[in-house]
Amino acid sequence: MIVGWLNESMINIFQNVSLLDGAEGLKFFGVKLMDVKDFSKLLVRFLFNLFFVVLLVRGVYYPAQRRKDFLFSYISLGMIIFLLCYVLVDVDMDTGFALGLFAIFGIIRYRTDAIPIKEMTYLFIAIGLSVLNALSGSKVSYAELGFANMAVIVATYGLEKVWLLRHEESKIIVYEKIELVKSQNHEALIEDIQKRTGINVTRIEVGKVDFLRDTANVTIFYYEDDQPNK
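Structure report, in brief. (Residues numbered from 1 in each chain as written. Predicted model: local features only at pLDDT ≥ 70, side-chain atom pairs only at ≥ 80, totals over all residues. Heavy atoms only, no water.)

This paragraph deals with unusual backbone geometry. In this structure, Asp214 takes a positive phi of about 55 degrees despite not being glycine. Among the structural elements, Asp214 can be located in the loop between β4 (203–210) and β5 (215–223). (Helix = DSSP H or I, 4+ residues; strand = E, 2+ residues; numbered from the N terminus.)

At a minimum axis separation of 9 Å, helix α2 (residues 36–65) and helix α5 (residues 117–135) run at an interaxial angle of 165 degrees. Here α5 runs roughly antiparallel to α2, going by the angle between their axes. Handedness of the crossing formed by α2 with α5: right-handed. Taking contact as the criterion, the partners of Arg45, Phe48, Asn49, Phe52, Val53, Leu56, Val60, Tyr61 and Gln65 in α2 are, on α5, Lys118, Glu119, Tyr122, Ile125, Ala126, Leu129, Ser130, Asn133 and Ala134. Counted by class, the contact of α2 with α5 contains 11 nonpolar, four polar and three charged residues. (Axes fitted to C-alpha atoms, helices over the stretch in contact; angles between N-to-C directions. Parallel < 35°, antiparallel > 145°, perpendicular 65-115°, else oblique. Left-handed = near helix turned anticlockwise from the far one by under 90°. Contact = heavy atoms within 4.5 Å. Nonpolar A, V, L, I, M, F, W, Y, C, P; charged D, E, K, R; others polar.)

On to the pattern of salt bridges, then. According to the stated counting rule, one finds five salt bridges in the structure shown. Its salt-bridge partner being Arg196, residue Asp192 comes within 3.2 Å of it at the nearest N-O pair. Here Asp192 pairs with Arg196, and both are found in helix α7 (residues 186–197), just four residues apart, close to one helical turn. Exposure remark for Asp192: the relative accessible area of 11% places this residue in the buried category. Residue classification places Arg196 among the partly exposed positions, given a relative accessible area of 46%. The shortest N-O distance in the salt bridge between Arg203 and Glu205 comes to 3.3 Å. Classification of Arg203 by relative accessible area gives partly exposed; the value is 35%. (Salt bridge = Lys/Arg side-chain N within 4 Å of Asp/Glu carboxyl O. Buried < 20%, exposed > 50% of the residue type's maximum accessible area, 1.4 Å probe, protein only.)

Structural data, given as structure tokens:
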């Protein structure tokens, strides 16, 4: 009797622990753990989005800017924004909450650290692609979605590499020859900076001037491929 009861209990446990069925998926004690069809759709859509985000960030942004810190941030934010939008697409939420959820990831990391406008633009492009890929319904085919992603990436590449032609780098230096900061000594200032830094400077901008310390913040601009070591 005891053996029969144990056998029946074991059978019930195994029936409840795992049930793999094409219609229902995987269950654990009656709780649905995975729907094979939905999980496959999520996996394909996630890899689809990751491909285009990496293509944008690694193929367009990084060769031009060489900023590994932003490279990490863009890919990470692209993944988490996609998963949040995809998982929460069926959750009933008002418009204000949805917009706040979308915007918070654009400012949480950069709230105290000012970043250039181009880096911020790439950030919103990465977020925009992730939202587009996550929220596009079943009526949108992968061909249409792929075209939309490629259109954004090609346009970004064209602006970065073709229309803007060359990327101009910049550095801020603290300059102590305060007399050369005067507008009439502009050429002498450029010549002195080039001689002391070894950088072929194209233009300069004089920022904050400290007359107590006889120093000035000078922003120098140059093209990376015009430097002597290239």
